[in-house]
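As a plain string of letters, each chain reads:
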Amino acid sequence: MAIIVNLDVMMARRKITLGELAARIGITQANLSILKTGKAKAIRFGTLNAICAILQCQPADILEFRPDE
């Protein structure tokens, strides 16, 4: 897939756990884990907005495009 999810990198930089981030966003840890591992097929803009607000980052810090080879 050409879209790479770097949520784990941003979480490590901000020293926040999956459980803490999920609680602050208001989604389940399971759903956040699916996003973090890159298995999600979509993300709601509201969720992306909340993640960026809490992690104090830009969407491009979390989502990266790499063309398929």
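Everything discussed here concerns the structure shown above.
## With respect to the side chain of Asn6
Reasoning step 1: Inspection of the secondary structure puts Asn6 in the loop between strand S1 (3–5) and helix H1 (7–14).
Reasoning step 2: Setting aside residues up to four positions removed in sequence, Asn6 forms contacts with Asp61, Ile62 and Glu64.

## Brief notes about the nonpolar core
Reasoning step 1: If you look at the biggest cluster of nonpolar residues, it comprises 18 residues, and the most contacted ones within it are Leu7, Met11, Leu21, Leu32, Ile51, Leu55 and Ile62.
Reasoning step 2: Going through the elements one at a time, H1, helix H2 (18–25), helix H3 (29–36) and helix H4 (45–55) are the ones with two or more residues in this core.
Reasoning step 3: No other element matches H4, which puts five residues into this core.
Reasoning step 4: Beyond its immediate chain neighbours, meaning those up to four positions away, Leu55 contacts Leu7, Met10, Met11, Arg14, Ile16 and Leu21.

Calculation rules
All residue numbers refer to positions counted from 1 along the written sequence of the respective chain. Totals for whole chains, interfaces and linings use every residue, but because this is a predicted model, local features are given only for residues with pLDDT of at least 70 and side-chain atom pairs only at 80 or more, for both listing and counting. Side-chain calculation: all heavy atoms of the structure are included, whereas hydrogens and water are not. Think of it this way: any DSSP run of H or I at least four residues long counts as a helix, any run of E at least two long counts as a strand, and we number them from the N terminus. Throughout, a residue-residue contact means that at least one pair of heavy atoms, one from each residue, lies within 4.5 Å. For our purposes a nonpolar core is just a set of buried Ala, Val, Leu, Ile, Met, Phe, Trp, Tyr and Cys residues, chained together by side-chain atoms within 4.5 Å. Only protein chains enter the accessibility calculation, which uses a 1.4 Å probe. A residue is then buried if its area is under 20% of the maximum for its type, exposed if over 50%, and partly exposed in between.

Any functional reading would require information beyond the geometric quantities listed.
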